[in-house]
Amino acid sequence: MSISADPAKNIQPRRKGPLELRRKQAAVEMSDQHLLDTKGPGQFVHTDPWRVLRIQSEFVEGFGALADIGKAVSVFGSARTKPGSVYYEMGVEVGRKLAEAGVAVITGGGPGSMEAANRGTVEGNGVSVGLGIELPFEQGLNQWVDLGINFRYFFARKTMFVKYAQGFIVLPGGLGTLDELFEAMVLVQTRKVTSFPIVLLGVDFWGPMIDWIKGTLVAEGMVSEKDLDLIQVVDSPAEAVERVLHGGPIPPLNGEQRPE
């Protein structure tokens, strides 16, 4: 009784650039053959290697555009904040005071609190930067952005928020704002970035979250109590700007004193 040979065993090992391919993995087209064989309109731009080049281009464009903006602070907040609301006016004042201090302002470039901070920056004759993201419901960069970059990839955009900022001011916001906040806290906690103040603006808004962190995460041992020192919570734009630029003791929350 004869046993048929495995066809994969008859395929010769191949090299494909830095890759070493054997058995079934070796049964692939040559790179130049794949490049020159058009399988459909634009098919090649949907491949992972091509995406790597697009990702690289986003980093190159971002680094090139932001390298000379000087000292900057990233300001976050909800895209749903309405013009004329308390939070919107806070954002305007934050942007204006940062500009008057000679500091560039970086936002996500969208509406709401982001627009407010960009607007205040322009009114303060500062450098107004918006880092947009490609989303199905996004409205594009707001009219107060002077230097705007649109990104396809969140992780490239997030790198720019941190790399070119000396700190964060975080206004009330939703999931996107929380995402940026907690990622910044993790970067500071793990010492990926150092001397990076994170200031939350709005005690009434952020207080319940801080209480939950203390009452649940700290109580359950999920985070250390000293991790709360990664953030400062204030109630006025002037104090937020002062603390993000010059630091200072972390203020108490709801009348409570933090442990030394």
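Residues numbered from 1 in each chain as written. Predicted model: local features only at pLDDT ≥ 70, side-chain atom pairs only at ≥ 80, totals over all residues. Heavy atoms only, no water.

Side note on the pattern of salt bridges
At step 1: Taken as a whole, this structure holds six salt bridges when the rule is applied.
At step 2: A salt bridge links Lys97 to Glu93; its shortest N-O distance comes to 4.0 Å. Residue Lys97 and its partner Glu93 are located together in helix H3 (residues 86–100), separated by four residues, close to a single helical turn.
At step 3: Taking the relative accessible area as the measure of exposure, Glu93 reaches 30% and is therefore partly exposed.
At step 4: Between Lys158 and Asp179 there is a salt bridge, with the nearest N and O atoms lying 2.6 Å from each other. On the criterion of sequence distance, the pair formed by Lys158 in helix H5 (residues 154–163) and Asp179 in helix H6 (residues 175–189) is long-range, its members being 21 residues apart.
At step 5: The class of Lys158 is buried, set by a relative accessible area of 15%. (Salt bridge = Lys/Arg side-chain N within 4 Å of Asp/Glu carboxyl O. Helix = DSSP H or I, 4+ residues; strand = E, 2+ residues; numbered from the N terminus. Buried < 20%, exposed > 50% of the residue type's maximum accessible area, 1.4 Å probe, protein only.)

Looking at the packing of helix H2 (residues 48–66) against H5
At step 1: It is at 10 Å that the axes of H2 and H5 come closest, and there the two elements cross at 25 degrees. What the angle tells us is that H2 and H5 run roughly parallel. H2 and H5 meet at a crossing whose hand is right-handed. When H2 is examined against H5, the residues Ile55, Glu58, Phe59, Gly62, Phe63 and Leu66 are found in contact with a partner set consisting of Phe155, Ala156, Thr159, Met160 and Lys163.
At step 2: When grouped by side-chain class, the residues that make up the contact of H2 with H5 number seven nonpolar, two polar and two charged. (Axes fitted to C-alpha atoms, helices over the stretch in contact; angles between N-to-C directions. Parallel < 35°, antiparallel > 145°, perpendicular 65-115°, else oblique. Left-handed = near helix turned anticlockwise from the far one by under 90°. Contact = heavy atoms within 4.5 Å. Nonpolar A, V, L, I, M, F, W, Y, C, P; charged D, E, K, R; others polar.)

Topic: the nonpolar core
At step 1: Of all hydrophobic cores here, the largest spans 38 residues; its most connected members are Leu131, Phe168, Leu181, Ile198 and Leu200.
At step 2: Ranked by residue count, the leading element in this core is helix H7 (residues 203–218), at seven residues.
At step 3: Residues within four places of Leu181 in sequence aside, it is in contact with Val170, Ile198, Leu200, Trp206, Met209 and Ile231.
At step 4: Grouped together as the second largest cluster of nonpolar side chains are 17 residues, Val103, Leu201, Val244 and Leu245 included. (Core = buried A, V, L, I, M, F, W, Y, C linked by side-chain atoms within 4.5 Å.)

Concerning unusual backbone geometry
At step 1: Backbone geometry at Asn125 places phi at a positive 60 degrees, although glycine is not the residue there.
At step 2: Even without a glycine there, the phi angle at Arg191 is positive, about 65 degrees.
At step 3: Take Arg191: it is sitting in the loop between H6 and strand E8 (198–201).
At step 4: Take Arg191: its relative accessible area is 70%, and that puts it in the exposed class.

Let's talk about the environment of Phe154
At step 1: Checked against the element boundaries, Phe154 lands in helix H5.
At step 2: Since its relative accessible area comes to 43%, Phe154 is described here as partly exposed.
At step 3: In sequence terms Phe154 and Gly132 are 22 residues apart; their C-alpha atoms lie 9.5 Å from each other.
At step 4: Not counting the four nearest positions on each side in its chain, Phe154 is found in contact with Ile133 and Leu135.

Some words on the side chain of Ser78
At step 1: Within the element layout of this structure, Ser78 appears in the loop between strand E3 (72–76) and H3.
At step 2: The buried category is assigned to Ser78, whose relative accessible area is 15%.
At step 3: Only 2.9 Å separates the side chain of Ser78 from the backbone nitrogen of Arg80, close enough to count as a polar contact.
At step 4: Contacts of Ser78, omitting those with residues within four sequence positions, involve Pro111, Gly112, Ser113, Met114, Pro172, Gly173, Gly174 and Thr177. (Polar contact = N/O pair within 3.5 Å; in protein donor to acceptor, adjacent residues only side chain to side chain.)

Details of the sheet that holds strand E5 (residues 128–133)
At step 1: An order of E6-E5-E4-E3-E7-E8-E9 is seen for the seven strands of this open sheet, with the pairing classed as parallel. Every other strand in the sheet has two partners, leaving strand E6 (147–151) and strand E9 (231–234) as the edge strands with one partner each. In this sheet, neighbouring strand axes are inclined to one another by 20 degrees on average, regardless of whether the strands run parallel or antiparallel.
At step 2: Its contacts with the sheet put H2 on E5 and E6, and the angle it makes with E6 is roughly 170 degrees. (Pairing = 2+ DSSP bridges.)

Description of the confidence of the model for the protein
At step 1: Scored by pLDDT, the protein has a mean of 85; 78% of the residues are at 70 or more.
At step 2: Across residues 249–260 the pLDDT falls below 50, and counting only partners more than four positions away or on other chains, this stretch makes 23 contacts in the model. (pLDDT = per-residue confidence, 0-100.)

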